Amino acid sequence: MMPQSGKRKPQEWVWLALVAALFAVAGIGAFYYLTRRAPETFSFQAVESNGQVVAQWDPRSPAIKNAKRATLEISESTSLLNLDASQLRGGTAVYKPKSDDVSLRLTVISANGQSAEQTVRFVGHTAASDAAKKAADDLATQLRQANARADQLQQQLRALHQQCDVGPDDTDR
């Protein structure tokens with residue numbers, strides 16, 4: 001039997017509402033899935049220049065172009081540098097290291113709150129190793145000078161022993 005003049009039973013309205021809600025949830029989920037992008041990546045590296053570590057990134061990459069701000073974390077000094085959009089567009093940051101092993105982490109945050117992060121570790125020759133080498137060279141020079149002075153004093157002592165006709169082992173005279 002057919003329902004009279006287009007009237008639906010209450011059960012049919014419940015099913016119709018459930019199907020409509022299901023389609024709405026599926027539509028919202030599909031929209032979120034299709035518009036959600038994977039975090040953007042960017043190139044990031046560290047090089048040495050005149051005893052300093054230069055952090056470099058590609059200012060033309062979409063992650064950097066779309067970034068509102070960023071943070072550069074330096075593990076060696078537990079420093080956290082806040083970079084604004086114009087500093088990011090520069091593509092570099094310079095750091096004077098205290099050692100030859102420095103880790104840097106650049107986190108960029110876009111206007112919509114998404115973030116992308118890259119980490120790089122610099123292990124190499126820096127001014128810190130130059131300073132250590134200079135200190136070692138200075139100590140080696142001081143040691144050579146002290147040894148030369150000790151040799152001079154030994155010679156003077158031998159000369160005094162000869163003048164006094166005393167041998168190095170003749171201490172009971």
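See the structure above.
Below is a short write-up of the structure. (Residues numbered from 1 in each chain as written. Predicted model: local features only at pLDDT ≥ 70, side-chain atom pairs only at ≥ 80, totals over all residues. Heavy atoms only, no water.)

In spatial order, the strands read β1-β2-β5; together these 3 strands make up an open sheet with antiparallel pairing. At either margin of the open sheet sits one strand with a lone partner, and together these are β1 (44-49) and β5 (92-95). Going from strand to strand, the sheet's axes swing by 25° on average, the running direction of each strand aside. (Pairing = 2+ DSSP bridges. Helix = DSSP H or I, 4+ residues; strand = E, 2+ residues; numbered from the N terminus. Axes fitted to C-alpha atoms, helices over the stretch in contact; angles between N-to-C directions.)

Quick look at the pattern of salt bridges now. Summed over the entire model, instances satisfying the criterion amount to 4 salt bridges. Ionic pairing is found between Arg121 and Asp101, a salt bridge with its closest N-O pair at 2.5 Å. Linking Arg121 in strand β7 (residues 115-123) with Asp101 in strand β6 (residues 101-110), this pair joins segments that are 20 residues apart in sequence. Judged by relative accessible area, Arg121 falls into the exposed class, the value being 56%. When the shortest N-O distance is used, the salt bridge between Lys134 and Asp138 registers 3.2 Å. (Salt bridge = Lys/Arg side-chain N within 4 Å of Asp/Glu carboxyl O. Buried < 20%, exposed > 50% of the residue type's maximum accessible area, 1.4 Å probe, protein only.)

All right, on to unusual backbone geometry then. The phi dihedral of Asn50 falls on the positive side, at around 55°, and the residue is not glycine. Tracing the backbone shows Asn50 in the loop between β1 and β2 (52-57).

Let us look at the environment of Glu48. Looking at the element boundaries, Glu48 is found in strand β1. Overall, the relative accessible area of 34% leaves Glu48 in the partly exposed class. Between the C-alpha atom of Glu48 and that of Tyr95, which follows or precedes it by 47 residues, the distance is 9.7 Å. From its side chain, Glu48 meets the backbone nitrogen of Asn50 in a polar contact 3.2 Å long. Here the side chain of Glu48 touches Gly51 through a polar contact of 2.5 Å, landing on its backbone nitrogen. (Polar contact = N/O pair within 3.5 Å; in protein donor to acceptor, adjacent residues only side chain to side chain.)

Here we come to a nonpolar patch on the surface. A grouping of Val14, Trp15 and Leu18 is seen on the molecular surface, where their side chains present a nonpolar patch of about 350 Å² in accessible area. In this structure, Trp15 sits in helix α1 (residues 10-35). (Patch = residues over 30% accessible without salt bridge, like charges linked within 9 Å, V, L, I, M, F, W, Y side chains within 5 Å. Areas by Shrake-Rupley, 256 points an atom, 1.4 Å probe, with all protein chains shown as cover.)

Below, the discussion takes up the packing of aromatic side chains. This model, assessed by the stated rule, comprises 1 aromatic pair. For the pair Phe44 and Trp57, a centre-to-centre distance of 6.4 Å together with 45° between the ring planes defines the contact as tilted. With Phe44 in strand β1 and Trp57 in strand β2, this pair connects stretches of sequence that are 13 residues apart. The class of Phe44 is buried, set by a relative accessible area of 13%. (Phe/Tyr/Trp six-rings, centres within 6.5 Å; stacked < 30°, edge-to-face > 60°.)

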